[in-house]
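Breakdown of the fold
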Amino acid sequence: MPRLARLTTALILLVLACVSSAHAQDKGSISGRVTDRKTGHALPFATVTVPGARRGGLTDSEGQYLIGGISAGSYRVKVQFLGYRPDSSGLVTVTPGRTVVVNLQLEDVVVREIKAVEVTGERRLVEVKQGATVRSVSSGDIRNMAVQTVSDVLQQQAGVTTENDQIHVRGGRSDETIFVVNGVTNRDLVTGQSTAGQLNARSVEEVNVATGAYDVRYGDALSGVVEVKLRGGTDTFSGGLTTGSGTYGHRNFQLVLAGPDPVIGRAARMAGAPGKFASILDLSGELFDTRFLSDGTGMFQHVFSPWQRDRLRSSYTDSFLGHTFHYGNFFSPSEDNKWSGRYGLDWTPNSTHKLSLNFSKRIAIDQGFSRTFINATGDAGDPAFPWVWDHRVDHAPTIFEDNVQSSVEWRRTLGLTGFTTLQLSRYFFAQRQDVQGKMWWQYQEPDDRGTFAPGDPRRDDFFLDSGDDNTWQDRRSTSTTVDWNLTRRIKRHELEVGVRHEFQSVQYVTIQDPWVFDPSGLGDAHDLWKVHPMVGDMYLRDRIEYEGFVANLGVRGDWWFIGREAERALADTSDHNITAATRDDFYHDTRSFFGRRYKLHLSPRVIVAHPITENSSFFFNYGEFIQNPSYRYVYSKLTSVSSEAFPLLGNPNLNPEVSVNYEVGGKYEFLKNMAINTTFFVKDVYDYPAATDFQRSQGASLVDFFVYLNGHFARSKGIEIEWEKRRTNYWSGKLTYTFSQVKGKSSDPNAQKVVEESGGNAAETPLSETYVTWNRPHKLSLNADIRFDDQTPDRLAWARHAGLHLFVQGESGRAYTPVSLFSTQAAEPNSKNGPFQITTDIHLDRWFRMGGRRYDVSLSGLNVFSNHIINRIDPMTGRGRVWGVGSYDPNDPLLNVNDYTRVSQVEDPSNYGPGAQYRLQLDVDF
């Protein structure tokens with residue numbers, strides 16, 4: 001019986017196969033290839049249909065297609081492809097069991113050149129397909145805000161705090177955020193600090209701030225990426241002139257000219273070059289005539305004092321076309337001087353190619369009133385104000401800073417499926433610190449007691465009334481970069497691959513107390529080195545989109561070549577600045593590539609967005625990020641020997657710092673014009689460099705020295721809540737709240753060295769996590785903007801063309817370590833914060849037309865209520881330093897404070913930030 005069943009089944013299958021075969025013989029197929037009529041190139045993913053048979057399909061990557069199962073008969077084949085004119089074949093006859101070949105050629109759609117029409121649209125309040133935290137600020141937004149620099153723009157973003165020239169993103173250190181300006185990273189390689197924070201905000205087209213798991217194309221940053229896109233040229237001539245002045249001797253100007261290039265473009269067209277040439281010229285300057293003086297109560301005041309002192313001078317030399325020169329008095333009429341110039345040229349020969357050339361230069365000359373020197377203790381942002389030189393500020397250090405950026409970028413569009421870019425760039429940074437343009441051998445040692453007779457008040461006061469500052473410093477770095485990437489879309493996948501390699505040249509010279517004898521002739525303490533490291537990366541990303549779900553998956557490999565100078569120093573066994581253990585570890589931890597040693601690190605990135613509805617989304621991201629240590633931790637004392645006590649040595653075998661970031665959140669547009677965004681984040685950072693105490697034999701004694709080693713760690717975690725309203729009824733607004741908590745092994749990589757120099761024991765430094773000095777748990781900010789346009793009703797006709805922008809921010813005060821009456825630590829380090837600080841900025845503007853031009857008049861007020869911004873906390877009171885109170889009570893015998901304490905610590909005006917500032921500005925557009 002089973003055998004009979006098997007035979008019956010086989011017979012049935014045979015009959016079905018015959019029927020199927022016979023039925024298939026009644027059908028035919030159509031195949032062929034779809035190409036571009038002009039170039040002959042294949043057109044992938046073109047839509048091919050046979051309407052009469054109700055059959056169709058897509059071409060493959062070679063333009064081939066095959067449509068089967070077509071009944072015998074006559075049909076037309078139609079093909080469609082975006083960017084091309086639809087086409088169809090003539091009648092073709094399909095016969096049973098055969099394949100008919102029909103090749104089709106499409107002609108691209110030629111668009112006539114007509115007058116450009118500008119189309120604008122509002123961004124979505126909820127980007128449901130965005131899986132990471134990226135906040136964007138446009139040039140229009142910037143124009144309506146009371147801001148001058150990119151740092152001012154960042155200060156208004158959730159999760160970002162700025163102090164002086166330092167920027168902390170989600171609790172990260174100030175050197176963990178990079179600025180990418182038109183595709184070029186702006187960074188001081190010696191300190192790791194970003195250098196584009198003082199970029200003029202009016203020169204910016206858009207600022208994008210990524211504070212979560214940013215895209216895999218970006219690297220060498222642990223906390224955030226600030227992408228700055230500068231304004232470009234236009235097809236028609238346009239321009240603008242801005243001029244303004246304000247309190248404390250503030251003056252600023254800017255000239256912008258954009259349009260068809262009148263020189264290079266005209267010459268190229270005369271030579272027969274096709275396409276368009278658009279360029280932009282941007283020149284600007286900002287000056288402050290300001291000095292800080294105490295009012296005797298521990299508070300501050302600014303005193304306007306133009307021309308009461310000699311102009312700033314620097315020994316820095318620059319060159320142009322082989323000619324060297326110094327910057328004269330024209331560039332330093334004030335206490336704080338910033339100048340910048342930029343030229344950009346875009347050549348678009350056709351719809352496929354675009355070539356962009358950019359050159360910019362920024363210089364700054366000041367005395368560090370709003371800076372933080374790299375030898376300052378910690379990373380808390382204390383201003384480097386030269387209070388000790390207040391009586392003869394000319395002999396305080398002068399800072400000259402030079403930034404030069406140049407780049408050439410070629411972009412090619414690959415049809416409708418992708419594009420590729422290739423950029424060659426060079427970024428140069430230099431900073432010179434000196435006194436009145438002197439070289440270090442010209443410095444005079446301060447000696448008030450030897451200079452002034454007994455009884456002279458200058459002899460024993462706190463201030464230095466003779467000699468010069470004790471530091472001469474020069475640091476400069478050059479980065480030459482080749483950067484290529486390709487983006488291609490294949491069905492549901494958007495693939496991106498990129499390669500970048502950077503050649504670096506870095507030199508550093510610092511000389512302290514040059515009047516002290518040293519066999520080298522370079523003073524009591526010095527450090528000098530010049531190195532040529534190389535860095536680079538390769539990455540691959542796949543952005544997958546399926547039924548609204550978006551996953552961004554990527555992996556990135558970063559390499560770091562330490563440089564031939566460091567390799568020679570490591571190979572030199574007579575160099576006592578490099579320990580035997582460091583040499584052994586270096587060769588064990590690095591690999592060789594054509595004789596050069598390098599380190600390689602792979603980092604995964606995952607970014608996921610899951611739309612729940614059209615107006616709501618859940619997102620999650622995870623990423624591992626690395627950043628090479630600042631080069632002062634790597635190369636210090638590489639080849640120099642100093643006679644200083646407790647020398648601090650770099651470590652050429654440092655590993656990159658590593659952070660692991662997690663972020664999860666949700667976005668919901670609960671009304672048509674209102675949305676809320678909530679984000680939770682955690683960031684763990686490992687392998688922070690830290691100075692570690694060692695001893696070595698020097699003759700018959702043991703000498704302490706310090707070496708940077710990987711070992712410190714930190715963690716930040718928090719929540720960000722944003723509520724945003726789109727402009728309706730003339731106003732828009734945003735309310736944000738950030739709570740974060742930042743702990744780490746230490747706030748200062750030099751903590752042990754500071755303890756030793758103070759007479760303590762380095763072993764007494766904390767071994768567990770403590771709050772860091774820049775920990776500010778709470779930040780609440782409000783942005784409100786009111787605009788009245790031409791459509792304003794008659795009852796509000798007086799307000800037409802006027803606007804008001806209000807920014808109110810409150811945040812926790814500076815962190816401090818509480819102490820008791822007996823000056824002993826009363827709580828965990830940095831566990832308390834100063835008073836909650838609130839500032840209010842207002843920007844009023846109105847525009848009108850006259851003589852065919854548009855004029856904008858604006859008045860900006862910063863900190864309009866003059867709330868005291870406390871930079872230094874009295875650890876006994878938890879408030880600002882005030883004479884006669886807390887740690888500065890002269891009537892308390894346990895404190896041992898006197899007039900010297902009052903002048904040197906309490907009356908220092910940089911204890912407090914600036915009060916109310918006002919700026920009046922006129923913009924003329926033409």
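Rules behind the numbers
Residue positions are counted from 1 within each chain, in the order its sequence is given. For a predicted model such as this one, the threshold for reporting local features is a pLDDT of at least 70, and the threshold for listing and counting side-chain atom pairs is 80 or more; totals across whole chains, interfaces and linings nevertheless cover every residue. Where side-chain values are given, they derive from all heavy atoms of the structure, hydrogens and water being excluded. Numbering of helices and strands runs from the N terminus; a helix is a DSSP stretch of H or I covering at least four residues, while a strand is a stretch of E covering at least two. Relative accessible area decides the class of each residue, using a 1.4 Å probe on protein chains only: under 20% of the type maximum gives buried, over 50% gives exposed, and in between gives partly exposed. In this analysis, two residues are considered to be in contact whenever any of their non-hydrogen atoms come within 4.5 Å of each other. Each accessible area value is a Shrake-Rupley result obtained with a 1.4 Å probe; residue values ignore everything except the protein chains displayed when judging cover. We place a 1 Å grid over just the protein atoms. Points where a 1.4 Å probe fits but has no way out form a cavity, open points with protein on both sides within 12 Å along at least 5 of 7 lines form a pocket, and any residue with an atom within 4 Å of a point lines it. Grid points are joined across faces, edges and corners, and a volume is the space filled by probe spheres set on the points. Counted as a polar contact is a pair of N or O atoms within 3.5 Å, where, for protein atoms, one must be capable of donating a hydrogen and the other of accepting one, and residues adjacent in sequence contribute only when both atoms are in side chains. As used in this record, nonpolar core signifies buried Ala, Val, Leu, Ile, Met, Phe, Trp, Tyr and Cys residues forming a set joined through side-chain atoms within 4.5 Å. We define a salt bridge as a contact between a side-chain nitrogen of Lys or Arg and a carboxyl oxygen of Asp or Glu at a distance within 4 Å. Pairs of strands are assigned from DSSP output, requiring at least two bridges between the strands. Angular values range over 0 to 180 degrees, each being the angle between N-to-C directions of two axes fitted as lines to C-alpha atoms, with helices fitted over their stretch in contact. Pairing of aromatic side chains here covers Phe, Tyr and the six-membered ring of Trp, requires ring centres within 6.5 Å, and sorts the geometry by plane angle: under 30 degrees stacked, over 60 edge-to-face, intermediate tilted. Confidence of the prediction at every residue is given by pLDDT, a number between 0 and 100.

Right, let's get into the overall build of the protein. The secondary structure content of the protein amounts to 10 helices and 51 strands. In the protein, which comprises 926 residues, the proportion classed as buried is 51%. Partitioning the contacts of the protein with sequence separation of at least 6, the portion at a separation of at least 24 is 68%. With an accessible surface of roughly 43500 Å², the protein has 57% of that area assigned to carbon and sulfur atoms.

Turning next to empty space enclosed by the protein. It is the rolling of a water-molecule-sized probe over the atoms that shows where space remains empty. Per the counting criterion, the structure on display carries 13 cavities of 30 Å³ or more. Estimates place the volume of the largest cavity at around 140 Å³. Lining the largest cavity are 18 residues, and of these Gly159, Thr161, Gly171, Ser740 and Arg776 lie nearest its centre. Residue assignment for the lining of the largest cavity shows that the elements contributing at least two residues are β12 (160-163), β13 (166-169), β41 (731-744) and β43 (778-787).

Right, let's talk about the side chain of Arg135 for a bit. When you line up the elements, Arg135 lands in strand β11 (residues 134-138). Judged by relative accessible area, Arg135 falls into the buried class, the value being 6%. Here the side chain of Arg135 touches Glu720 through a polar contact of 2.7 Å, side chain to side chain. For Arg135, the side chain forms a polar contact with the side chain of Glu722, separated by 3.1 Å. In contact with Arg135, not counting residues within four places along its chain, are Gln157, Ala158, Val207, Asn208, Val209, Thr211, Glu720 and Glu722.

So, on to unusual backbone geometry. Residues other than glycine seldom take positive phi values, yet Asp513 does so here, at roughly 50 degrees. You can see Asp513 is positioned in the loop between β30 (493-512) and β31 (525-531). When its relative accessible area of 22% is taken as the criterion, Asp513 is described as partly exposed. Phi angles above zero are rare outside glycine, and Tyr730 is one such case at about 80 degrees. Looking at the secondary structure, you find Tyr730 in the loop between β40 (701-728) and β41.

Let us now look at the nonpolar core. One finds Trp529, Tyr631 and Tyr635 to be the most contacted residues of the largest nonpolar core, which totals 24 residues. Contributing elements (two or more residues each) for this core: β30, β31, α6 (564-571), α8 (631-635) and β40. Broken down by element, the residue count for this core peaks at 4 residues, all from α8. Val150, Val153, Val169 and Leu230 belong to the second largest nonpolar core, which has 21 residues in total.

Locating Asp537 in the fold gives a position in strand β32 (residues 534-546). With 319 residues separating them along the chain, Asp537 and Tyr218 place their C-alpha atoms 9.5 Å apart. For Asp537, the residues in contact, after removing those within four places along its chain, are Gly498, Val499, Arg500, Arg556, Gly557, Asp558 and Trp559. Engagement of the side chain of Asp537 in a polar contact is seen with the side chain of Arg500, the distance being 2.7 Å. Polar contacts involving the side chain of Asp537 include one to the side chain of Arg556, which spans 2.9 Å.

Once that is clear, we can look at the pattern of salt bridges. Tallied over the full model, the rule gives 45 salt bridges. Of the charged contacts in the structure, one is a salt bridge between Asp289 and Arg251, with a shortest N-O distance of 2.6 Å. In this pair, Asp289 sits in the loop between β20 (276-288) and β21 (291-294) while Arg251 sits in strand β19 (residues 250-260), placing the two residues 38 residues apart along the sequence. Judged by its relative accessible area of 31%, Arg251 falls in the partly exposed class. For Asp794, the salt bridge identified is with Arg800, shortest N-O distance 2.9 Å.

With that settled, the discussion passes to the sheet that holds strand β15 (residues 184-186). Read from one edge of the open sheet, 5 strands run β11-β16-β17-β14-β15, paired in mixed fashion. With one partner strand each, in any of the chains shown, β11 and β15 form the two edges of the open sheet. On average, each strand axis in the sheet is inclined to that of its neighbour by 25 degrees, with strand direction left out of account. Relative to strand β16 (residues 204-210), β11 runs antiparallel, the two sharing 5 bridges. Along β16, the bridge assignment pairs Ser136 with Asn208.

Among the secondary structure elements, Gly212 is positioned in the loop between β16 and β17 (224-230). Along the backbone, Gly212 and Ser223 are 11 residues apart, and their C-alpha atoms lie at a distance of 7.5 Å. Not counting residues within four places of it along the chain, the set of residues in contact with Gly212 comprises Thr133, Arg170, Phe625, Asn661 and Glu663.

Okay, the packing of aromatic side chains next. All chains considered together, the criterion is met by 31 aromatic pairs. Ring centres of Tyr316 and Phe400 lie 4.7 Å apart, and the angle between their planes is 20 degrees; on these two criteria the pair is classed as stacked. Here Tyr316 is found in the loop between β22 (300-303) and β23 (317-320), whereas its partner Phe400 is found in strand β27 (residues 398-414), with 84 residues between them in sequence. Judged by its relative accessible area of 2%, Phe400 is buried. With centroids separated by 4.9 Å and ring planes inclined at 65 degrees, the aromatic side chains of Trp440 and Trp472 adopt a geometry described as edge-to-face. Placement of Trp440 in the loop between β28 (418-434) and α5 (448-451) and of Trp472 in strand β29 (residues 471-490) is noted, with a sequence separation of 32 residues between them.

We now examine the pairing of β23. Inspection of the sheet shows β23 paired to strand β24 (residues 323-326) by 4 bridges, in the antiparallel sense. Pairing of Phe320 across the sheet is with His323, part of β24. Connecting the antiparallel pair β23 and β24 is a turn made up of 2 residues, with Leu321 showing a positive phi of about 55 degrees.

The subject of this paragraph is the confidence of the model for the protein. Taken as a whole, the protein shows an average pLDDT of 85; of its residues, 88% reach a score of 70 or greater. In the predicted structure, residues 111-121 sits below a pLDDT of 50 and forms 1 contact with residues beyond four places in sequence or in another chain.

Below, the discussion takes up the pairing of β43. Side chains of β43 alternate between two faces, with Lys779, Ser781, Asn783, Asp785 and Arg787 buried and His778, Leu780, Leu782, Ala784 and Ile786 left unburied. Where β41 and β43 come together, 9 bridges link them in antiparallel fashion. Bridge assignment links Thr738 to a residue of β43, and that residue is Lys779. One ladder, built from 9 bridges, connects β43 with strand β44 (residues 802-811); its direction is antiparallel. Paired with Leu780 across the two strands is Gly810, which belongs to β44.

Okay, the sheet that holds strand β3 (residues 55-58) next. Here 4 strands make up an open sheet; going across it, the order is β3-β2-β6-β7 and the pairing antiparallel. The open sheet has two edge strands with one neighbour each: β3 and β7 (87-88). Sheet topology note: the strand β6 (residues 78-80)/β7 ladder contains 2 bridges and is antiparallel. Among the inter-strand pairings, Lys78 is bridged to a residue of β7, identified as Ser88.

Glancing now at the environment of Asn358. Following the sequence through the fold, Asn358 ends up in strand β26 (residues 353-366). Here the alpha-carbon distance between Asn358 and Ser425, two residues 67 residues apart in the chain, equals 9.2 Å. Not counting chain neighbours up to four residues away, the residues in contact with Asn358 comprise Asn182, Arg342, Tyr343, Gly344, Gln405, Ser406 and Ser407. Among the polar contacts made by the side chain of Asn358, one reaches the side chain of Arg342 at a distance of 2.9 Å.

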